[in-house]
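Coordinate analysis (summary)
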Amino acid sequence: MASLWTFILIGAVIYFFWLNRKIAEAANVHAKRQSEQLQVQLMSVACSKRRFGILKSGKPGMKSEFIFEFSSDGENAYQGVLIMEDEKLKSVVVPPHKI
């Protein structure tokens with residue numbers, strides 16, 4: 001019985017690691033797309049918040065907030081925020097910046 005719980009625990013850890021990587025890769029793609037739309041240079045993407053919750057679809061899932069840093073002139077850096085539910089982008093907050 002203990003070995004069954006061990007396998008379940010190991011499987012859950014592997015699944016959540018895989019899910020976190022999948023969400024991080026999707027955030028990177030969304031940040032690159034946003035940077036291309038704004039015609040700025042993407043500098044970095046980092047996860048600032050991640051938690052489990054009920055998504056707008058009514059299903060349980062992962063809610064994440066990623067901060068992406070970009071530059072419009074190569075000297076100044078600005079931070080935008082990607083709000084995601086699982087791999088889907090829900091909203092983007094971009095501060096005013098020089099073009």
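All values derive from a computational prediction rather than experimental measurement. Just so you know, the residues in each chain are numbered from 1, in the order the chain's sequence is written. Thresholds applied to this predicted model are a pLDDT of at least 70 for local features of residues and 80 or more for the giving and counting of side-chain atom pairs; totals over whole chains, interfaces and linings are not thresholded and use all residues. With hydrogens and water excluded, all non-hydrogen atoms of the structure serve as input to the side-chain values.

Aromatic rings from Phe, Tyr and Trp, taking only the six-membered ring of Trp, are treated as a pair when their centres fall within 6.5 Å; an angle between ring planes under 30 degrees marks them as stacked, one over 60 as edge-to-face, and anything in between as tilted. With the rule as written, the count across this model stands at five aromatic pairs. With a centroid separation of 5.9 Å and an interplanar angle of 40°, the aromatic rings of Y15 and W18 are classed as tilted. With Y15 and W18 both in helix α1 (residues 2–38) and three residues apart, this pair spans about one turn of that helix. Ring geometry for F16 and F52: centres 5.2 Å apart, planes at 75°, overall edge-to-face. Of the two residues, F16 is situated in helix α1 and F52 in strand β1 (residues 41–54); the sequence distance between them amounts to 36 residues. F16 sits in the partly exposed class, given a relative accessible area of 33%. An aromatic cluster of three or more residues is present, and its members are Y15, F16, W18 and F52. Segments assigned H or I by DSSP are reported as helices when at least four residues long, segments assigned E as strands when at least two residues long, and all are numbered from the N terminus. Burial status follows relative accessibility: with a 1.4 Å probe on protein chains alone, a residue under 20% of its type maximum counts as buried, one over 50% as exposed, and anything between as partly exposed.

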